[in-house]
Amino acid sequence: MAKQGYRPVGRDFPVFLHPQTQAEYALARTERKTARGYHGFQFYYAPDVTLEQDLARRDLTINAMARELDAKGLPVGPVIDPFNGRVDLAARVLRHVGDAFAEDPVRILRLARFAARFTDFTIADETLNLMRKMVVNREVDALVPERIWQEIARGLMEVKPSRMFTVLRECGALARILPEVDALYGVPQHPEFHPEIDAGVHVMMALDYAATRGYALTVRFAVLVHDLGKANTPQEMLPRHLGHEARSVTLLRPLCNRLKVPNACRDLAVLVAREHGNIHRSLEFGASALTRLLDRCDAWRKPERLVEVMQACEADARGRLGFETAAYPQAAQLGNALSIACQVNAGAIAAHYRAAPEAIKAALHRARIAAIEAALNPVHDSVL
């Protein structure tokens, strides 16, 4: 394959990229477990490895089928299905192929991700029980952060991302991988504002709403972690969660460091966690408070990020029982305030204070407040 221009992926893994299409081609292989975790395998690939042996290493029966292709890439001949994948496909069941499933903890994450994609599939009881045993045996603890994030990020982008976290919770893996999210389940919220009561249920509802709107990964991750601080609200304060925004940020930063979350996802998540309460209350704000809020969101330099902040806050507001289609005028108000404030001539202000450059920032701030104030409270000529 190397002589034909295929490029190997990694040093030991028998996968190659096509020289033109970059499609993946994997050699038939067997694997032997040598250590705990994702990297604890020794691979064997040679002409004597059979197709059936290769299929036996697949995660699920519905992925353990094969068919020969002709020279044009069209399927020919019968479907090779040694593990009854077609039966499970027809019955909409996710079932592990064999004992090899237990050797790789990434398979737990992948199965949970498939459950979020194929929402009408169920998980076979024996497969769920095997996943629970893997968690008890601490196989999940050996997962490398990069692989956890890769699978979580993919799951967040599926049709119903909440189902991924439901599956991970059912087998006990969520408490090992994302204990901060797992801790939200069972935490009560005030029924007047959250008829669904449970903080974990609320986060999943908000996440699924973000998915229905097709929001970006950055937004979906921000929704997932925006309420982490509710898990450690003092018992005597419940069901209120005063100050949970700051506590959420405190929990969020080490989570992002631990999983090596990309900067764009981390930065938006921190911003949403810190400011979502203020944004929800922003209809009550005057011009000065609105301007300070836009300052904290760095909206002048990154107006596109404010759009994502508002998307996450809208998902938070609508991810509540009975509020799924409620209006969210805060988004339009803040967007209008930003548009108005951006019309202030910063260059003219800078030129005016050329002799005192230290005064430019404060003068620009005052001008933005004045512009927003004028828009909020227009003066109309009286008709005599």
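Below is a short write-up of the structure. Everything numeric in this text was worked out from a predicted model, so none of it was measured.

### A few points about the sheet that holds strand E1 (residues 7–8)
Piece 1. One open sheet accounts for three strands, arranged E1-E2-E3; its pairing is antiparallel. One side of each edge strand has no neighbouring strand; the edge strands of this open sheet are E1 and strand E3 (24–26).

### Some words on the side chain of aspartate 88
Piece 1. Within the element layout of this structure, aspartate 88 appears in helix H2 (residues 85–91).
Piece 2. For aspartate 88, the contacting residues outside a window of four places in its chain are Thr61, Ile62, Val93, Arg95 and Phe121.

### Topic: the packing of aromatic side chains
Piece 1. In this structure the tally under the stated criterion is four aromatic pairs.
Piece 2. Taken together through their ring pairs, the aromatic side chains of Phe114, Phe118 and Phe121 make up a single cluster.
Piece 3. Positioned above the aromatic ring of tyrosine 185, the side-chain terminus of arginine 169 is 4.0 Å from the ring centre.
Piece 4. Above the face of the tryptophan 300 ring, arginine 368 is positioned so that its terminal group lies 3.9 Å from the ring centre.

### Observations concerning the environment of glycine 322
Piece 1. Tracing the backbone through its elements, the reader meets glycine 322 in the loop between helix H14 (303–318) and helix H15 (330–341).
Piece 2. Separated by 88 residues in the primary sequence, glycine 322 and proline 234 have C-alpha atoms spaced 27 Å apart.

### Some details on the pairing of strand E7 (residues 75–80)
If a strand is regular, its side chains alternate between the two faces of the sheet.
Piece 1. As judged from the three bridges shared by strand E6 (residues 66–69) and E7, these two strands associate in the antiparallel manner. Among the inter-strand pairings, alanine 66 is bridged to a residue of E7, identified as isoleucine 80.
Piece 2. Between E6 and E7, which follow one another and run antiparallel, lie five residues, and glycine 73 among them has a positive phi close to 85°.

Parameters and conventions
- Residues numbered from 1 in each chain as written.
- Predicted model: local features only at pLDDT ≥ 70, side-chain atom pairs only at ≥ 80, totals over all residues.
- Heavy atoms only, no water.
- Pairing = 2+ DSSP bridges.
- Helix = DSSP H or I, 4+ residues; strand = E, 2+ residues; numbered from the N terminus.
- Contact = heavy atoms within 4.5 Å.
- Phe/Tyr/Trp six-rings, centres within 6.5 Å; stacked < 30°, edge-to-face > 60°.
- Lys NZ or Arg CZ within 6 Å of the ring centre and 35° of its normal.

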